[in-house]
Amino acid sequence: MKIVINDTELEVIKGDITKCTVDAIVNAANNGLLGGGGVDGAIHRAGGPEIMEECKKIRERTGGCPTGEAVITTAGNLPAKYVIHTVGPVWKGGAYQERELLRNCYINSLKLAEEHFVKTIAFPNISTGVYRFPKHEAAQIALETVKECIQNQFIRSIQSILFVCFDDENYHIYKTMIR
Ligand code: ADP
């Protein structure tokens, strides 16, 4: 399922983000940039130790990555050039700025991608795994935020944005919602 807004393609696919041949893949990381389960674990496993070495350096320099923000590293052995690590909010019922923080993940990842002249980028469904953000609302925020970024013309080098859904539920939600 694909749409085009102001010459930027938005596409929903089902699959494994570590297999995506794009300039940058986004990781749903944690504040310590320490690796973990889910998509984070899959990226470090498939990309090899180089990614973690850079994460460690960032952690030593800055203490990690605050929720809603993003940092960039090599993609090691992955087909992508970069991994953009962003930290989604843990869902705590909705009264802890979870929506705004999730929105920031998409904005700050796109900003960082633009700074590195990324043309193609792939996002996972940030926060919808162990961080338990309700999937429907997370998809709505992801799609709306990305569309706003395109419409506000802050997207210049990016030509294609992929939403990579790993589970059937997210894939179904995104397919129905993208238009
Ligand atoms: P979070 O801690 O942000 O919730 P998770 O990694 O637990 O991060 O889950 C985020 C999303 O990533 C979930 O929807 C999960 O199904 C998905 N996911 C897990 N592995 C992969 C993968 N290899 N490629 C793409 N998405 C993945």
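- As recorded in an unreviewed UniProt entry, the protein chain goes by O-acetyl-ADP-ribose deacetylase and comes from Aeribacillus composti.

Regarding the overall build of the protein chain
Then step 1. For the protein chain, the count of helices and strands is five helices and seven strands.
Then step 2. Listed N to C, the secondary structure of the protein chain is β-β-β-α-α-β-β-α-β-α-β-α in terms of helices and strands.
Then step 3. Computed over the C-alpha atoms, the radius of gyration of the protein chain is 15 Å, within 12% of the 16 Å expected from 2.2 N^0.38 for a compact globule of 179 residues.
Then step 4. Its C-alpha atoms put the protein chain at 40 × 35 × 30 Å along the principal axes.
Then step 5. Counting contacts in the protein chain only where the partners sit at least 6 residues apart, residues at least 24 apart contribute 70% of the total.
Then step 6. Element-wise, carbon and sulfur atoms account for 49% of the exposed surface of the protein chain, whose accessible area totals about 8,600 Å².
Then step 7. Taking the average place of the 20 positive charges on the side chains of the protein chain and the average place of its 21 negative ones, the gap between the two points comes to 1 Å.

Some details on the site of the ligand
Then step 1. Around the ligand sit 16 residues, and of these D16, V39, S127, T128 and G129 come closest.
Then step 2. The contact in question runs from a nitrogen atom of the ligand to an N or O atom on the side chain of D16, over 2.9 Å.
Then step 3. Between the ligand and T128, the relevant distance is 2.8 Å, taken from an oxygen atom to a side-chain nitrogen or oxygen of the residue.
Then step 4. When the ligand is considered free in solution it has 560 Å² of accessible area, and contact with the protein chains removes 91% of it.
Then step 5. Its residues assigned to classes, the shell around the ligand shows seven nonpolar, seven polar and two charged.

Notes on the pairing of strand 1 (residues 2-5)
Then step 1. Side chains of strand 1 alternate between two faces, with I3 and I5 buried and K2 and V4 left unburied.
Then step 2. Between the end of strand 1 and the start of strand 2 (residues 8-14), which pair antiparallel, lie two residues, with N6 showing a positive phi angle near 45°.

Section: the UniProt feature "domain: Macro" (unreviewed entry) in the protein chain
Then step 1. Mapped onto this numbering, the UniProt entry annotates "domain: Macro" (unreviewed entry) at residues 1-179.
Then step 2. Annotated as residues 1-179, this span is 39% helix and 21% strand, and its ends, taken at the C-alpha atoms, are 9 Å apart.

Structural notes on the nonpolar core
Then step 1. One finds Y106, I121, I161 and F163 to be the most contacted residues of the largest nonpolar core, which totals 39 residues.
Then step 2. Residue contributions to this core peak at eight residues, all from helix 4 (residues 135-151).
Then step 3. Not counting residues up to four positions away in its chain, the partners in contact with Y106 are F123, P124, N125, I126, A142, T145, V146, F163 and Y174.
Then step 4. Listed in part, the 21 residues of the second largest apolar core include M52, C65, V71 and A75.

Things to note about the side chain of N30
Then step 1. Topologically, N30 is positioned in the loop between strand 3 (24-29) and helix 1 (38-47).
Then step 2. From its side chain, N30 meets the backbone nitrogen of L34 in a polar contact 3.1 Å long.
Then step 3. Within the structure, N30 has its side chain in polar contact with the backbone oxygen of G35 (distance 3.1 Å).
Then step 4. If we ignore the near neighbours within four places in the chain, the residues touching N30 are G35, D40, V87 and Y131.

Definitions and limits used
- Residues numbered from 1 in each chain as written.
- Predicted model: local features only at pLDDT ≥ 70, side-chain atom pairs only at ≥ 80, totals over all residues.
- Heavy atoms only, no water.
- Helix = DSSP H or I, 4+ residues; strand = E, 2+ residues; numbered from the N terminus.
- Rg over C-alpha atoms; globule rule 2.2 N^0.38 Å.
- Contact = heavy atoms within 4.5 Å.
- Areas by Shrake-Rupley, 256 points an atom, 1.4 Å probe, with all protein chains shown as cover.
- Lys, Arg positive; Asp, Glu negative; His and termini not counted.
- Charge placed at Lys NZ, Arg CZ, Asp CG, Glu CD.
- Near = heavy atom within 4 Å.
- Polar contact = N/O pair within 3.5 Å; in protein donor to acceptor, adjacent residues only side chain to side chain.
- Nonpolar A, V, L, I, M, F, W, Y, C, P; charged D, E, K, R; others polar.
- Buried < 20%, exposed > 50% of the residue type's maximum accessible area, 1.4 Å probe, protein only.
- Pairing = 2+ DSSP bridges.
- UniProt positions renumbered as here; feature names shortened; annotations may be inferred.
- Core = buried A, V, L, I, M, F, W, Y, C linked by side-chain atoms within 4.5 Å.

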